[in-house]
Amino acid sequence: MDVGRLTRVFAACATLALGACAVDASGSQAAVALQGVVPTDYAYAVSWDPDERVLDGVGTIDVENRGPKPVRDVWLRLRPNNRDGLVRVTFVKFAKIVSRRAGGSMLKLRLDGELRAGERDAFLIEFRARVPRDQTSLGRSAGIDLFGDVLPVIAVTGSDQPRIGPEPSYGEGSLNPVAKWSVGVTVPRGLRAVLPGREARVSRSRKTTTYESEADVRDYAFAVGRYTSRSKRVNGVKLTVVGSAEKKRELGAALRRTVNAFSKLQQWYGGYKLPSLKVVIGDLPFGGSEYPGIVFSTVDNATISHEVAHQWFYGLVGNDQYKDPFLDESLTAFSEQRFHKSYRCNLARPINGRHGLATGMDYWEKHARAYEDTIYRGGACALTLLRHDLGASVFDRALRSYVAANANKIASTDDFLAAIRNAAPNYDLARWQRLVGL
Ligand SMILES: [Zn+2]
């Protein structure tokens, strides 16, 4: 997410309650080991009714018990950050709902049979989502309907128990391991769907068109509308920008910015694993939302660079977004800064005030006004200082090895620090950590 503009959103919401304004680096380093039940395959078929603004879906979710003990229960996360009840599970097979928490956004399911260590099982859900016309990641922007955070995911256990909520009222709070997703999206004839990953098939009936894709990703978003697109292939990856008629004139600039950001990020960090990247151009008031292989973004260079950079810091290298926003948002803000000078830095004092970069979203719920200044601006400036101290080539090598060691895994802050230590063993990293509160 780009909260470069959150300040304005906060200002606009100043008189309201905040909740109402929610808009070892060598390659062998173990990332965060997941415990308990993890998803291995999601297979969803959804159908979009634009008149009723309802998305109906059915899905099977395959899970594996990675923990040492037998389990019966799994947690299903319906829509992180939102207790709005927009997504409801209407039917479950091979499991049953035994508890609802966090305003109904977390469902505890009891599997029909016990899942012993190392065993796999699957269950089926049907769900219905009401999709508002709001300018949000599950809503509509510039004539395109956006479907972010709508397909239910398994809440996994990282270093702690699964976090049941409440979710942060802004920013992100997910912890999603990479799983195999295969998704079919059926839309009325005349509309088209934009899907991440490998586009598998398009099939047509008299009244509908079904688009299918497959992707090994952490979560899965898509968009639907009448749109035009422009594409360019970079290092074998097809980059596509998409916009409705009202954005058509801006697609040339959007593609140039996407190509520039992607090419350089790939050169710096390496390792992008998907065959394509889609950038859906809209007018989201908070800039954009990132998902692996697809982002929603305004057309400006800062936001496009930011959302494309999330393909590395969130998409490729995952993290517990609730616990470690430094790992996705600070590293992304720093990458954005390399394309667009969004933030002013005082390298002698990169972080303002008493806050630090090691803080999680539980902290930022209570210090919302300092969140952007610390995690985004401060994070970008802290990393700029680190690059200045280490020298560009050592820093870039460290970041590249961090990406390689943690690709398609969940990284921790220790993994990041280990990569720096490994690349610059004589650098006084502890001093930098004290300075930036990490
Ligand atoms: Zn972001």
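Residues numbered from 1 in each chain as written. Predicted model: local features only at pLDDT ≥ 70, side-chain atom pairs only at ≥ 80, totals over all residues. Heavy atoms only, no water.

Novice: Would you mind showing me how to read the overall build of the chain here?
Specialist: What the chain contains, in helices and strands, is nine helices and 22 strands. For the chain, whose C-alpha radius of gyration is 21 Å, the value lies close to the compact-globule estimate of 22 Å for 438 residues. Residue burial in the chain is summarised as follows: out of 438 residues, 59% are buried. When the accessible surface of the chain is totalled, it reaches about 17,600 Å², and 47% of it is carbon and sulfur. For the chain, the distance from the average site of its 61 positive side-chain charges to the average site of its 47 negative ones is 4 Å. (Helix = DSSP H or I, 4+ residues; strand = E, 2+ residues; numbered from the N terminus. Rg over C-alpha atoms; globule rule 2.2 N^0.38 Å. Buried < 20%, exposed > 50% of the residue type's maximum accessible area, 1.4 Å probe, protein only. Areas by Shrake-Rupley, 256 points an atom, 1.4 Å probe, with all protein chains shown as cover. Lys, Arg positive; Asp, Glu negative; His and termini not counted. Charge placed at Lys NZ, Arg CZ, Asp CG, Glu CD.)

Novice: Can you walk me through the sheet that holds strand β6 (residues 106-115) in this structure?
Specialist: By definition, the strands of a sheet pair up through backbone hydrogen bonds, in either a parallel or an antiparallel sense. Read from one edge of the open sheet, four strands run β5-β6-β3-β10, paired in antiparallel fashion. Each having just a single partner strand, β5 (95-101) and β10 (153-155) make up the two edges of the open sheet. Averaged over all neighbouring strand pairs, the angle between strand axes comes to 40 degrees, with direction disregarded. Where strand β3 (residues 71-77) and β10 come together, three bridges link them in antiparallel fashion. Considered in β10, the bridge of R77 is made with V153. (Pairing = 2+ DSSP bridges. Axes fitted to C-alpha atoms, helices over the stretch in contact; angles between N-to-C directions.)

Novice: What should I look at first to understand the domain arrangement of the chain in this one?
Specialist: Quoted interface sizes are often the accessible area lost when the parts come together. With domains assigned, the chain is organised as domain 1 (35-157 + 178-224), domain 2 (227-311) and domain 3 (325-436). Spacing between the C-alpha centres of domain 2 and domain 3 amounts to 23 Å. Each partner contributes residues to the interface: domain 2 has 17 residues there, and domain 3 has 18 residues. Across the interface of domain 2 and domain 3, roughly 1,400 Å² is buried in total on both sides, 61% from carbon and sulfur atoms. (Domains from an automatic or database assignment. Contact = heavy atoms within 4.5 Å. Buried area = accessible area lost by both parts, 1.4 Å probe.)

Novice: Sorry, what's going on with helix α8 (residues 413-423) here?
Specialist: Counting along an α-helix, one turn takes 3.6 residues, and residues three or four places apart therefore face a common direction. The element α8 is extensively covered by neighbouring structure, given that eight of its eleven residues are classed as buried. Considered for burial, the residues of α8 that qualify are T413, D415, F416, L417, A418, A419, I420 and A423. Buried residues along α8 sit in contact with α4 (325-339), α6 (368-390), α7 (392-406), β22 (410-411) and α9 (429-436).

Novice: I tried to follow the packing of aromatic side chains on my own but got confused; where do I start?
Specialist: What characterises a pair of aromatic rings is the spacing of the ring centres plus the angle enclosed by the ring planes. Summed over all chains, the structure comprises 20 aromatic pairs. Aromatic pair Y371 and Y376: ring centres 5.6 Å apart, planes at 75 degrees, arrangement edge-to-face. We note that Y371, like Y376, is buried. Relative to F416, the ring of Y402 lies with its centre 5.7 Å away and its plane at 85 degrees, an arrangement referred to as edge-to-face. Placement of Y402 in helix α7 and of F416 in helix α8 is noted, with a sequence separation of 14 residues between them. Since its relative accessible area comes to 0%, Y402 is described here as buried. Taken together, the ring pairs in this structure connect Y42, Y44, F127, W181 and Y220 into an aromatic cluster. In this structure, R192 packs its charged tip against the face of Y227, placed 4.0 Å from the ring centre. We note R338 situated over the ring of W268; from NZ or CZ to the ring centre the distance is 3.7 Å. (Phe/Tyr/Trp six-rings, centres within 6.5 Å; stacked < 30°, edge-to-face > 60°. Lys NZ or Arg CZ within 6 Å of the ring centre and 35° of its normal.)

Novice: I keep staring at the environment of D216 and nothing clicks. Help me out?
Specialist: The residue D216 is located in strand β14 (residues 208-217) in this model. The sequence separation of D216 and G197 amounts to 19 residues, and the corresponding C-alpha distance is 7.7 Å. For D216, the contacting residues outside a window of four places in its chain are V178, A179, K180 and L274.

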